[in-house]
Amino acid sequence: MMQLIDGKQLALTIQEEIRTEVDQYASQGHRKPHLAALLVGENPASRSYINNKMRACKRTGIESTLVQQPADISQEELLKVIDDLNQNDQIDGYIVQLPLPKHISEEVINLAISPDKDVDGFHPTNMGLMVQGSPQYIPATPYGILTMLERYQIPTSGKHCVVIGRSNIVGRPISILLSMKSPTGNCTVTLTHSRTQNIAEEVKRADIVIAAIGKANFVTADMVKQGAVVIDVGINSIDDDSQRGYSLVGDVDFEQVAPKCSYITPVPGGVGPMTVTALLMNTMKAYKQYGL
Ligand code: BQF
């Protein structure tokens, strides 16, 4: 039988665990952990992601600060804001919300973030540590996915995992992590992308499918092996005639694919809430390692 992976429920459970831990530290006289988010411009999707993160902070007792800058801030000015965050010893970790305006280089910004406060794990130092198997901060979405697999006790060792999409924030890191010699690793991983010759054929071989391509309903039933685990990372906005005028759908054609799966994540309420929770887990790590 197909089992739904309830990312929203699991996220709330873990956030409750974090709340208990935060309360414990506070009762011992420590200051609260503190996450900051830097938002450049006013992309509505970014705004909503930041709101999700701030709300989750509130639930766990982690303090949060939103630092907002106009879309036309220069890269140089933004680097100063980042330096302030690096120097501020009240802030355990921070994120720079993506995407950034086109005149600002993500690469330059990532390099400026202090690796010890880089709770998104995008700094090359943290990427390097992860690739070498001694991660400091694992990027939030891959970390959220691994946490789901772990908590649902889904076996990975020896399984064939097919990742669709090679982005720096999801596809590439999750492919590395799943192939690692670790409790949520030991998979044989195939990383597919836009130049893969026959994606359907590759995906059909998978015990575990990670769909992270950003194309609505890309994964169809004919591409999925009976009994596979399907993790849908996609968040695609589709126009419809609902109240708000759009709905969110994943990279997987859920209705069609779900009956074939042993486990599947929904969209919304699957990987998304776990991404937010993994960010808080990284913030706790920063706090315990450098903030106490
Ligand atoms: C849910 C993100 C693409 C580009 C930049 C809960 C989130 C999303 C969905 C969320 C995402 C996606 C985030 C749900 C943060 C995940 O209920 O399904 C939470 O807030 N996310 C982001 O910060 O930047 C992105 C996706």
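For the structure itself, consult the block above.
Here the residue numbering is sequential within each chain, running from 1 through the sequence in written order. A pLDDT threshold of at least 70 governs which residues receive local features in this predicted model, and a stricter bar of 80 or more applies before side-chain atom pairs are shown or counted, although totals over entire chains, interfaces and linings include all residues. Excluding hydrogens and water, the side-chain values take into account all heavy atoms of the structure.

Colleague: Help me understand the sheet that holds strand β7 (residues 208-211), please; the structure alone is not making it clear to me.
Modeller: By definition, the strands of a sheet pair up through backbone hydrogen bonds, in either a parallel or an antiparallel sense. Taken in spatial order, the six strands line up as β1-β11-β8-β7-β5-β6 in an open sheet, and their pairing is parallel. Each edge of the open sheet carries a strand with a single partner, namely β1 (3-4) and β6 (188-192). Two strands are counted as paired when DSSP detects at least two bridges linking them. In this text, helices come from DSSP runs of H or I with a minimum length of four residues, and strands from runs of E with a minimum of two, each type numbered from the N-terminal end. Across four bridges, the pairing between strand β5 (residues 160-164) and β7 is parallel. Its bridge partner being in β7, Val-162 is matched across the sheet by Val-209. Contacts: residue pairs with any heavy atoms within 4.5 Å of one another. All axes are obtained by fitting lines to C-alpha atoms, using only the stretch in contact for helices, and the reported angles, taken between N-to-C directions, cover 0 to 180 degrees. The sheet strands contacting helix α7 (residues 171-179) are β5, β6 and β7, and the helix crosses β6 at an angle near 165°.

Colleague: Could you clarify how one ought to interpret the pattern of salt bridges in this entry?
Modeller: Two side chains carrying opposite charge are able to pair once their charged atoms lie near each other. Note on definitions: salt bridges are taken to be side-chain nitrogens of Lys or Arg within 4 Å of carboxyl oxygens of Asp or Glu. Using the criterion set out here, one finds seven salt bridges in the structure. Asp-207 is the partner of Lys-225 in a salt bridge, and the nearest nitrogen-oxygen pair spans 2.9 Å. Within this pair, whereas Lys-225 is found in the loop between β7 and β8 (229-232), its partner Asp-207 is found in the loop between α8 (199-204) and β7, the two being separated by 18 residues in sequence. Under the scheme applied here, a residue whose accessible area is under 20% of the maximum for its type counts as buried, over 50% as exposed, and between as partly exposed, the area being computed with a 1.4 Å probe on protein chains only. Take Asp-207: its relative accessible area is 25%, and that puts it in the partly exposed class.

Colleague: What am I meant to see in the environment of Gly-214 here?
Modeller: Note on placement: Gly-214 falls in the loop between β7 and β8. A residue is classified by how much of its surface remains accessible, and Gly-214, at 47% relative accessible area, is partly exposed. Between the C-alpha atoms of Gly-214 and Asp-251, which are 37 residues apart in sequence, the distance is 6.1 Å. Aside from chain neighbours lying at most four places away, what touches Gly-214 is Asn-236 and Asp-251.

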